Amino acid sequence: MFVFNSRKTEYKDKIRAIATNERVKLRITVPRSLSCNGAQLCVTKDSEDSVYYSMFWAGMCGEDREYWELHFSAESSGLYWYHFELNTPWGKHFIKNTGDGIGDITIYGSDFQQTVYDKDFTVPDWLKGGIIYQIFPDRFYNSGTPKKNVRDSRELRKWGEMPYWDRTQMGDIWNNDYFGGDLKGIEEKLPYLADLSVSCIYLNPIFEANSNHRYDTADYEKIDPLLGTQEDFESLCKKAKEYGIRIIIDGVFSHTGVDSRYFNMYSNYDSVGAYNSKESPYYNWYKFTDYPDKYLSWWGIKLLPEIIEENEDYREYMCSKEGILRRWIRAGASGWRLDVADELPDIFLDDVRKAVKEESKDALILGEVWEDATNKTSYGKRRRYLLGKQLDTVMNYPFSDAILNFIKFKNAYAFQSDIMSVVENYPKCVLDLLMNHIGTHDTERAITRLVGEDPEGHDRLWQYEHNTLGAYEYHLGVSMLKHASLLQFTLPGVPSVYYGDEIGMQGMKDPFNRECMEWEKQNTELLKWYKRLGEIRRGCSAFKDGDFRFIFCTHKAVAYIRENEKNAVITAINLDDETVAIDLESGFENCYTLLGNTPVNGRLYLEPYRYSLLTINK
């Protein structure tokens, strides 16, 4: 028995963030030997003084422990940090977090976190229970449609060749090789995505830019000519909705390219850019230190001059009624993914939410934040992304790391702790929408990360030489990827599949993780597996908004349940070399087996490296 455990309902009746004015019950179990004559909850809101709340004695817990409890609520949103203090004949004792939410009597632990969000915080429902599919537009599918107004300097490659990775291949011009993937190509492949039960396509940048990744925006008002036209985008969005699929697009607002209508270093645009004149309408957008050749740039990359997002003219251009954010929602986008959201100041994020939600309450605002987004600190202060007035949700890197590390290193306790940390800290409405990826354009492909060598600290030559897995490693990787995706598709949030992972594509970091989609070379075993996972998600309402809790955890095996008023689903996986037996909860005696092993007499037996997915309807 614990003194306190913030991740068990016996001690905290809501294991999640709470809304303003919502009460959470906190209970501690104090040893009688301490002769406790008083208990207090000490709460400290960020940057404010501590406040003490008296707890009341609530009876005995067995013969040698006693309950002290209270209800806590907060009138304003923010992060609240708490611990407990006991009055005893031997002085004051402290109950603090010793790790994994466990409270013990100690002076060395830390305070517990309680997130409090605005009670009026709402998020779009359409993505709950769905599946995201991420597309790097240049590499997904080339429709063969003739491209117009494309610069002669762009090097068009043959589909399926290895992207250029060596400086000599590129003639010192980085990211200038293109394979011609386009919006019409994505539209042609909508039936393929529908077969995967995809409900949302996330597109990496599609606006005019002068690199193949297009994170160096040249014109926010135009689709890149290699991808098509605004009409093509509108057609894609319209056709996708016929399949029940929505489109969200990448917004790169922390910087532009030097080769853009706004900066215009090379005078390639018919505009007066900030680099051309201090009288430019864009001059005040940038951070010049010695005009015109010295300016602040994103992560020191001179091709990407930083934007002053606080600038009123810039915010007007992006967030006004006729601004960029609203314009592309009117054109058919169902939301925005904000690149490097943690580098965007609060005043800009506040304006983004106002603009997007006024244009469409259903539009999604998804932020790129690599850490726990509830307690992230940047710009020298605590950020408030998920308190109700900025983002709807974020890319879930903590889950990504937890899943891949568990499958690779088999530490179930670490997996459980990492998952519960997010469940405990995030608002439930945000948790249901988390973008649960296990691979993106910024990381190695999932199968490579699971069984390949670690590319950290190695150059592109080394990565090229280690980019292809051997036959045994690849076969093992397919099995491990099935395990990882099973977790990805059943944990709280929305699974996000990086194009090609579902057919077993492999690759180290950029550009090896951005090869052309292998339409003629597919791992049919994996593709069938991903289609089945999609069918299961679509058929189980618990994956939309169900509560979550672990029901079993040993060193190398876990089981957890997702449950709402209609449906309950148990996911179990054993990575041990020995069989494990899991006693199922009441109600699962006559469950239906969706995947893997079937229970016997209320007990599930999992042989080494086996899994099971069980469901009941209520």
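Scroll up a little and you will see the structure.
The present account deals with the structure reproduced in this document. (Residues numbered from 1 in each chain as written. Predicted model: local features only at pLDDT ≥ 70, side-chain atom pairs only at ≥ 80, totals over all residues. Heavy atoms only, no water.)

Some points on helix α8 (residues 397-409)
Residues three or four positions apart in an α-helix share a direction because the helix packs 3.6 residues into each turn. To be explicit about the condition: Helix and strand assignments follow DSSP, with helices taken as H or I runs no shorter than four residues and strands as E runs no shorter than two, numbered in order from the N terminus. Each residue after the first adds 1.5 Å to the expected span of a helix. Each residue's exposure class comes from its accessible area (1.4 Å probe, protein chains only) as a fraction of the maximum for that residue type: buried when under 20%, exposed when over 50%, partly exposed otherwise. Any two residues whose heavy atoms approach within 4.5 Å are treated as being in contact. For this analysis, a polar contact is any N or O atom pair within 3.5 Å, provided that within protein one partner can donate a hydrogen and the other can accept it, and provided that sequence-adjacent residues contribute only side-chain to side-chain pairs.
When the terminal C-alpha atoms of α8 are compared, their 17 Å separation across 13 residues agrees well with the 18 Å that a helix rising 1.5 Å per residue should span. All buried positions along α8 are accounted for by Y397, P398, F399, S400, A402, I403, L404, F406 and I407. Contacts made by the buried residues of α8 are with α9 (412-425), β26 (435-437), α11 (446-451), α13 (471-490), β29 (557-563) and β30 (567-574). Of the residues that open α8, the one with a side-chain oxygen 3.3 Å from the backbone nitrogen of F399 is N396. A positive phi of about 65° marks K410, the residue just after α8.

Details of the sheet that holds strand β27 (residues 494-498)
Quick reminder of the rule: Two strands make a pair as long as DSSP finds a minimum of two bridges between them.
Strand order in the open sheet made by the 8 strands is β25-β22-β21-β18-β15-β12-β27-β26, with parallel pairing throughout. Either end of the sheet is taken by a strand with one partner, and the two such strands are β25 (393-394) and β26. Where strand β18 (residues 246-251) meets strand β21 (residues 335-338), 3 bridges bridge the pair, whose relative direction is parallel. The residue of β21 that forms the bridge with I249 is W336.

Comments concerning the pairing of strand β22 (residues 364-367)
Spelled out, the test is: Handedness of a crossover: with both strands directed away from the viewer, a clockwise path from the first strand across the helix to the second marks it as right-handed.
In β22, alternate side chains face the same way, and those of L364 and L366 on one face and I365 and G367 on the other are all buried. The sheet contact formed by β21 and β22 spans 4 bridges and is parallel. Within β22, the position partnered with W336 by the bridge is I365. One crossover worth recording links β21 to the parallel β22 by way of helix α7 (residues 346-359), and it is right-handed. Where β22 meets β25, 2 bridges bridge the pair, whose relative direction is parallel.

A closer look at the environment of Y609
Mapped onto the elements of the fold, Y609 is located in the loop between β33 (603-606) and β34 (611-617). Along the chain, Y609 and T145 lie 464 residues apart, while their C-alpha atoms are 47 Å from each other. With near-sequence residues (within four places) excluded, Y609 lies in contact with K410, H483, N574, L575, D576 and D577.

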